[in-house]
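Coordinates in review
What follows is the residue order along each chain.
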Amino acid sequence: MMMALGLFVFKLSTAAYQEFQRSTSWKHAGNNRFGTTPSYQYTGKGEDTITLTGDIYPELTGFNDSLDRLREMADTGKAYILIEGTGKIYGACTIGQIQETKTVFFKNGGARKISFTVNLTIIRDYEPSILGGLVGMGVNLANRFRSE
C-alpha cells in the first residue's frame, strides 16, 4: 500500500502515483503605510493541498476503473482520511479535481496507458484523540522496553 484515501488504496494494482506534491500556505494580511513599507500580520494557515500524479496500465493491472471509484468518492462531497503507507496521517481531505489522459490505444479503443492527476485539499489536520495518544504512547513504551 502506497497510500489510502478513505477506503480507496493507492497501490500498483489500482492507481500507483509516481509523484507526490504538497503545497502549504500561510496568510498574512497587509496594511499600507504612508512613506514606508506595508505592515503585515499573520492571520492563520492557508490552503494545504496534495497533488498525486501517476500512470495506470490496465493491461498489467487488469483494472481501469480506479479513477471512476475516486470520482464516485468526490461526488459525495465528503472528506476522507489520507494515510500514507508509512503510517503518516495527513488528515481529512476532499477530492478537488481528477484529470485523466488516455494514450497508446488498443484497436478497440481501450487505453494501454492512463495518466492521472488527483488534487486533494486537507480540510482538517490530523489531531490524535486522547485515546489515540495513549495507544501511541503505549506502543512507544513497549518498543523502547523491547530494545533495551
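Below: a short report on this structure. All values derive from a computational prediction rather than experimental measurement.

The rules behind these values
- Here the residue numbering is sequential within each chain, running from 1 through the sequence in written order.
- For a predicted model such as this one, the threshold for reporting local features is a pLDDT of at least 70, and the threshold for listing and counting side-chain atom pairs is 80 or more; totals across whole chains, interfaces and linings nevertheless cover every residue.
- Side-chain numbers here rest on the full set of heavy atoms in the structure, without hydrogens or water.
- Any carboxyl oxygen of Asp or Glu that lies within 4 Å of a side-chain nitrogen of Lys or Arg is treated as forming a salt bridge with it.
- Think of it this way: any DSSP run of H or I at least four residues long counts as a helix, any run of E at least two long counts as a strand, and we number them from the N terminus.
- Under the scheme applied here, a residue whose accessible area is under 20% of the maximum for its type counts as buried, over 50% as exposed, and between as partly exposed, the area being computed with a 1.4 Å probe on protein chains only.
- As used here, the arc belongs to the directions running from the helix axis to the C-beta atoms.

Let's shift gears to the pattern of salt bridges. Applying the stated rule across the entire model yields nine salt bridges. Note that Arg71 is salt-bridged to Glu100, the shortest N-O span being 2.9 Å. You can see Arg71 sitting in helix α2 (residues 66-76) and its partner Glu100 sitting in strand β6 (residues 89-105), a full 29 residues away along the chain. The partly exposed category is assigned to Arg71, whose relative accessible area is 28%. For Lys102, the salt bridge is made with Glu100, and the minimal N-O distance between the two is 3.9 Å. For Glu100, a relative accessible area of 30% corresponds to the partly exposed category. Members of the salt-bridge network, linked through shared partners, are Arg22, Lys45, Asp48 and Asp125.

Those residues of α2 not exposed but buried are Ser66, Leu67, Leu70 and Met73. For α2, the angular spread of the buried residues around the axis is 115°, confining them to a single face. Positive backbone phi, approximately 75°, marks Gly77, located one or two places after α2.

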